[in-house]
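# Residue-level structure breakdown
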Amino acid sequence: MAYSFTPEKTDLNEFGATPAGSTEATKRKLLNLRPSKRFYYIHHPDAWQLIETDNGFEWLPLLRAFRITAGVNGVRLTGGKNPRPDDRNARVNLTDRGFTIIPYESIEGGYCWRYAGKRGPIYLERWAVPKQVGNRTIIKSDSAGLHAYMRHLIEANYIELPDPDVLEIIGQQLEQTIERDEPNLHIPSVAKRHSENQRRLEGMATAAEKIFAEPKKTPKKKAKK
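## Details of the overall build of the chain
A count of helical and extended segments in the chain gives 4 helices and 13 strands. Sorting the 225 residues of the chain into buried and exposed places 39% on the buried side. For the chain, long-range pairs separated by at least 24 residues make up 63% of all intrachain contacts whose partners lie at least 6 apart in sequence.

Laid out in structure tokens, this is it:
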């Protein structure tokens, strides 16, 4: 029998998914995945991606998940009877390197959700939709929801607009790829890639005009579902 989860609420669901900071215990089915550590999103000013949606091409921030793992990337383990990961130094290091740490409260219910697993707790982004089929766990992504959240991060001033020079550099890298392919356009696969890259290059320019023409940013506030 297959069990599906759709994130329609942030308190309880059939797999017991709760926001990462919640301590609420529930009766739930267990996901058959390896345990994973809690994480938060981080973003660097030069990390932007060109995404094609139903509304055309657009520039969206490229988010990274920073896992809070003791002994890794500056995360320490506290002493005492109940040691816990201490990420204070890691957060300072990330900030010094130019990263923005995205707070959980940037969206109502948080973006890091904890699930009960057969071998321990599992932390997934809220847009990862797990489905248990027998002993196999299938995870699908709610891309539209994630993209909407990325737009919100810009609109609510959690992430600054990209520097135009950064987008220009990304475009130049794509232009170099296009130029390298030109001598081999007689190869069908290369010709197809060349055509797609040209389309994306044009999309980059259109997306840049759009993002810099957006209305003035609003004060920081939580995104709602």
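Anyway, onward from the coordinates.
## Points about the nonpolar core
Core analysis: the largest hydrophobic core is formed by 41 residues, its most contacted members being Y40, Y41, W48, W59, Y111 and Y149. Put simply, the parts of the chain that give this core at least two residues each are β3 (39-43), β4 (48-53), β5 (56-61), α1 (88-96), α2 (143-155), α3 (164-181) and α4 (188-212). Look past the residues within four positions of Y40 in its chain and what remains in contact with it is R64, A65, F66, I68, D87, R91, L94, I101, I102, Y104 and Y111. Ranked by size, the runner-up nonpolar core spans 7 residues in total, among them L31, L33, W113 and L124.

## Here we look at the sheet that holds strand β9 (residues 100-101)
The strand order across the open sheet formed by 3 strands is β6-β3-β9, and the pairing between neighbours is antiparallel. Either end of the sheet is taken by a strand with one partner, and the two such strands are β6 (64-67) and β9. As paired elements, β3 and β6 share 4 bridges and run antiparallel to each other. Among the inter-strand pairings, Y40 is bridged to a residue of β6, identified as F66.

## Here we look at the pairing of strand β11 (residues 122-125)
The sheet contact formed by strand β10 (residues 112-115) and β11 spans 4 bridges and is antiparallel. Bridging across to β11, R114 finds its partner in Y123. The turn linking β10 back onto β11 is made up of 6 residues, and G120 within it adopts a positive phi angle of 135 degrees.

## Notes on the packing of aromatic side chains
What the rule picks out here adds up to 8 aromatic pairs. Between the aromatic rings of Y40 and F66, the centroid separation amounts to 5.5 Å while the plane-to-plane angle is 15 degrees, which identifies the pairing as stacked. In this pair, Y40 is assigned in strand β3 and F66 in strand β6, connecting sequence segments 26 residues apart. Accessibility classification places Y40 together with F66 in one group, the buried group. Their ring planes at 20 degrees and their centres at 4.4 Å tell us that Y41 and Y111 sit as a pair that is stacked. Of the two residues, Y41 sits in strand β3 while Y111 sits in the loop between β9 and β10, which places them 70 residues apart along the sequence. For Y41, a relative accessible area of 3% puts it in the buried group. Look at Y111 and you get buried, because its relative accessible area is 0%. Each member of the aromatic cluster is reached from another via a ring pair, and the members are F39, Y41, Y104, Y111, W127 and Y149. For the cation-ring pair, R91 lies above Y40, with the distance from its terminal atom to the ring centre recorded as 5.0 Å.

Calculation rules
Residues numbered from 1 in each chain as written. Predicted model: local features only at pLDDT ≥ 70, side-chain atom pairs only at ≥ 80, totals over all residues. Heavy atoms only, no water. Helix = DSSP H or I, 4+ residues; strand = E, 2+ residues; numbered from the N terminus. Buried < 20%, exposed > 50% of the residue type's maximum accessible area, 1.4 Å probe, protein only. Contact = heavy atoms within 4.5 Å. Core = buried A, V, L, I, M, F, W, Y, C linked by side-chain atoms within 4.5 Å. Pairing = 2+ DSSP bridges. Phe/Tyr/Trp six-rings, centres within 6.5 Å; stacked < 30°, edge-to-face > 60°. Lys NZ or Arg CZ within 6 Å of the ring centre and 35° of its normal.

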